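Examination of the molecular architecture
Here are the chains, one letter per residue:
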Amino acid sequence: MNDNPHILVVDDHRDIRDLVGRYLVKYGMRVTTADGGAEMRKAMKASAIDLVVLDIMMPGEDGLSLTRFVRETSRVPVILLTAMGEETDRIVGIEMGADDYLVKPFNPRELMARIKAVLRRTHELPPGAEPDTGRLTFAGWTFDPARRELTDPEGVNVALSSGEFQLLSVFLARPGMVLSRDQLLDLTRGRQAVPFDRAIDNQVSRLRRKIETSPKEPEIIRTVWGGGYVFAAKVEAL
């Protein structure tokens, strides 16, 4: 990971951009700010951005459409800033591939902690997973770890957040092995992350919604009562 990560803060409120920017710079990060989609695209084209802090509620292009743009055009992680009552938007944002979210008003220290946690998960493969192993298939799906791409049986790319990518990598490296929640937290760097990380059960639920035909009756990631989870599908290398 870059010792001085470059963070892009996108928010139409100048006071929030300035507050976040000053705080992150104070603690050694490089910061670029943008007031909307046009400036965001310009900044991402001009510089290597390590992470985007993106407000959902903005005039014109909102944060959800911009999250989709980021995920379709790059692997840059995204942390969404949301208002207290925007629960549906938060869920949609995560489903579109955002890596985390933070509810306004927020403490800049918590934002810093979340940024560090997301960057750590993004730049480190989980223990036991082999880097650049080539493409894998399971239940008609294709997973390309080098490209960080997941393709469904119809050939459509499905966006994965960094947390979902890490979790799927862990499962694919250990098919048929029962993994406890504690083991999954360890293998996905959860124990090295901050207390604000969501529970592993929520991460499994989100991944199931993307890869299971019936998420409520999962056939790929099965629950082992009292034990944890097992990746039940056959995994093959291409």
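Note: the structure precedes this text.
Attention here is on the structure that accompanies the text. All values reported here derive from a predicted model rather than from experimental measurement.

1. So, the overall build of the protein chain
Looking only at helices and strands, one finds eight helices and twelve strands in the protein chain. Relative to its 238 residues, the protein chain shows a buried fraction of 49%. Surface summary for the protein chain: the accessible area is close to 11800 Å², and the carbon and sulfur share equals 49%.

2. Here's the deal with the packing of aromatic side chains
Tallying each qualifying case throughout the model produces five aromatic pairs. Pairing Phe143 with Phe165 gives two aromatic rings, centres 5.6 Å apart and planes at 40°, and the pair type is tilted. Of this pair, Phe143 sits in strand E7 (residues 141-144) while Phe165 sits in helix H6 (residues 162-173), placing them 22 residues apart in sequence. Using a relative accessible area of 2% as the deciding quantity, one classes Phe143 as buried. Residue classification places Phe165 among the buried positions, given a relative accessible area of 2%. Positioned above the aromatic ring of Phe69, the side-chain terminus of Arg41 is 4.3 Å from the ring centre.

3. Overview of the side chain of Arg71
When you line up the elements, Arg71 lands in helix H3 (residues 63-73). By relative accessible area, Arg71 is classed as buried at 15%. A distance of 3.1 Å separates a polar atom in the side chain of Arg71 from the backbone oxygen of Val76. Looking at Arg71, its side chain comes within polar contact range of the side chain of Asp99, at 3.5 Å.

4. Details of the sheet that holds strand E2 (residues 30-34)
Backbone hydrogen bonds hold the strands of a sheet together, and the pairing may be parallel or antiparallel. What the five strands build is an open sheet, ordered E2-E1-E3-E4-E5; its pairing is parallel. Each having just a single partner strand, E2 and strand E5 (100-103) make up the two edges of the open sheet. The average undirected angle you get between the axes of adjacent strands in this sheet is 20°. Where strand E1 (residues 6-10) lies against E2, five bridges are found, and the strand directions are parallel. Note on E2: the bridge partner recorded for Ile7 is Val31. Set on the sheet, helix H1 (residues 14-26) makes contact with E1 and E2; between it and E2 the angle comes to about 170°.

5. Description of unusual backbone geometry
Residue Lys104 is joined to Pro105 through a cis peptide bond whose omega torsion reads -5°. Position of Pro105 among the secondary structure elements: in the loop between E5 and helix H5 (108-123). Here Ala139, not a glycine, exhibits a phi torsion of approximately 50°, which is positive. Tracing the sequence through the fold places Ala139 in the loop between strand E6 (136-138) and E7. Overall, the relative accessible area of 49% leaves Ala139 in the partly exposed class. In this structure, Arg148 takes a positive phi of about 55° despite not being glycine. As for its position among the elements, Arg148 is in the loop between E7 and strand E8 (149-151). With relative accessibility at 23%, the residue Arg148 sits in the partly exposed group.

How each quantity is defined
- Residues numbered from 1 in each chain as written.
- Predicted model: local features only at pLDDT ≥ 70, side-chain atom pairs only at ≥ 80, totals over all residues.
- Heavy atoms only, no water.
- Helix = DSSP H or I, 4+ residues; strand = E, 2+ residues; numbered from the N terminus.
- Buried < 20%, exposed > 50% of the residue type's maximum accessible area, 1.4 Å probe, protein only.
- Areas by Shrake-Rupley, 256 points an atom, 1.4 Å probe, with all protein chains shown as cover.
- Phe/Tyr/Trp six-rings, centres within 6.5 Å; stacked < 30°, edge-to-face > 60°.
- Lys NZ or Arg CZ within 6 Å of the ring centre and 35° of its normal.
- Polar contact = N/O pair within 3.5 Å; in protein donor to acceptor, adjacent residues only side chain to side chain.
- Pairing = 2+ DSSP bridges.
- Axes fitted to C-alpha atoms, helices over the stretch in contact; angles between N-to-C directions.
- Contact = heavy atoms within 4.5 Å.

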